Amino acid sequence: MIIKKIKNHITTKIKRVEIMITVFSGGTGTPKLIQGIKEIYPEEEISVVVNTVENLYMSRGYIAADIDTVMYTFADMIDEEFWYGIKGDTYIVREQLIEMGTTELLRLGDKDRATKLQKAILLEEGWTLSDIVELQKDKLGIKASIIPMSDEESEISIVTKEHGEIEFHDFLIKYQCNCEVLEVKYAHVSPSPKLIETIEKCDKVIFGPSNPITSIRPIISIDGVEDALKEKEVIAVSPFVGKSAFSGPAGQFMNAFGYETSSKGVAELYKTFLNTLVIDNQDEEFKEEIEEIVPNVIVTNTFMKTIEDKINLAKIVLE
Ligand code: GDP
C-alpha cells in the first residue's frame, strides 16, 4: 500500500500521500536511512522522534547532537564524515578559544555553534526544546516534523569497570569507548507534548539502525510510548551484522543490559511490539532463529554506503 503511494508520488511528483510515518532516531545510523527515505517519500508526511538523553550544555551552547544531526540531514547540510556538525563549516571560534587557552571536549564548527547557542539563549528565555526545534527546522526549510522525545533535562552516565561512573561524552571522547561497560544509567523523563500523539496518528513506525540502548531505548522507556507502539505496525533495521555493530559502542551497551550483541539481541529488546526486523544479508543464517522472536524478518543489504544503498533500504522499510 505504502509503496504504491510512493510510486504515485515519484511518478506524479505532486500527488500528496496520506500515510504518515514516524521514525525513531539517534544521530548516526538512522540519519543515513532518513537520507534514503527523503529521496522517495514526501517530507511533510515524515515525523522523526529524536533521542534527547545525550543532550548537555557545553561552552554556553545547548548541545542536542542527535536533533541537530537529524535537522542537518533533512537540510542536506550534515557533515557525513563525522555524522556531526555542518559540512564545510569553519572553526574560527574554536581555534581562537584554543589560542587563548580554553579547550572544549567537543569540536564545534562556527555555524553549528550558532545552532547550539540559539538553543541555549531561547531555553534561557523560557522556550521549550520542542518549540526551539520547530523554529530552527522551519528556518532551515525542513517540512518534516522533528520531535524531541522530551523537553526535560536528561542525564546519561556509563558505569565502567576501570573508571567507575563516568559521563557519556567522557566515555565516547576521553576514553574512546575503551572501557568495560557494567551499566548504562539515564534519568526518567516525561514525553514532549507531541510525542504520544505523533505515534498514535501515524500509520507506521520505523526504527532506523540506531544504538538500541542509548538512542532507542530511552524513547521506548518514556511513559505511554511502548503502549502506543503496540497498536502500530513497527519495523526496525538492525544496527548489527554478526556479533558487531556497524560502528560505535552499541555492542558493549547491549552486553551490559544482558542482550546478545547481534540482531537476535535487538529482536529480544523490541519483541513486545515489533512486527518486522530487517537484518543484513550476512546474517541470513539467523533468520529462522529470529523469526521465533518477531513475526517477520527481512534479509537484505543494510550497509548504507551509497545513496542507492540508502534508497533501497528505505523502499524496503516503507513497503
Ligand atoms: P549515535 O546517536 O551517534 O550513537 O547514533 P545512532 O544511535 O543513530 O546510530 C549508531 C548505530 O548506527 C550504531 O550502532 C551502528 O551500528 C549503526 N549504523 C551506522 N551505520 C550503519 C549502516 O550503514 N547500517 C546499519 N545497519 N547500521 C549502521
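Data block above holds the structure.
Computed from a prediction, not measured in an experiment: that's the story for all the values here.

Rules used throughout
- Residues numbered from 1 in each chain as written.
- Predicted model: local features only at pLDDT ≥ 70, side-chain atom pairs only at ≥ 80, totals over all residues.
- Heavy atoms only, no water.
- Pairing = 2+ DSSP bridges.
- Helix = DSSP H or I, 4+ residues; strand = E, 2+ residues; numbered from the N terminus.
- Axes fitted to C-alpha atoms, helices over the stretch in contact; angles between N-to-C directions.
- Contact = heavy atoms within 4.5 Å.
- Core = buried A, V, L, I, M, F, W, Y, C linked by side-chain atoms within 4.5 Å.
- Buried < 20%, exposed > 50% of the residue type's maximum accessible area, 1.4 Å probe, protein only.
- Parallel < 35°, antiparallel > 145°, perpendicular 65-115°, else oblique.
- Left-handed = near helix turned anticlockwise from the far one by under 90°.
- Nonpolar A, V, L, I, M, F, W, Y, C, P; charged D, E, K, R; others polar.

### Brief notes about the sheet that holds strand β6 (residues 156-160)
- Taken in spatial order, the three strands line up as β7-β6-β8 in an open sheet, and their pairing is antiparallel. A single partner strand is all that each edge strand has here, and the edge strands are β7 (164-167) and β8 (181-186). Strand-to-strand, the axes of this sheet are offset by a mean angle of 25°, without reference to chain direction.
- Judged from the five bridges that link them, β6 and β8 form a sheet pairing that is antiparallel. Following the sheet pairing, V159 is matched in β8 by E183.
- Contacting β6 and β8, helix α9 (residues 212-220) runs over the sheet at an angle of about 35° to β8.

### Topic: the nonpolar core
- Counting 47 residues, the largest nonpolar core has F24, F207, L229, Y270 and L277 as the members making the most contacts within it.
- Leave out the neighbours within four places in its chain, and Y270 touches F207, P212, I216, I220 and A236.
- Listed in part, the 34 residues of the second largest apolar core include I46, I67, L129 and I235.

### Digging into the packing of helix α2 (residues 29-40) against helix α3 (residues 65-74)
- Put simply, α2 and α3 touch, their axes get as near as 10 Å, and they point 30° apart. Taken together, the axes of α2 and α3 are roughly parallel relative to one another. Judged by the sense of rotation from one axis to the other, the crossing of α2 with α3 is right-handed. Of the residues in α3, those touching α2 at P31, I34, Q35 and K38 are T69, V70, T73 and F74.
- Its residues placed into classes, the contact of α2 with α3 shows four nonpolar, three polar and one charged.

None of the figures reported here should be taken as evidence of function without further support.
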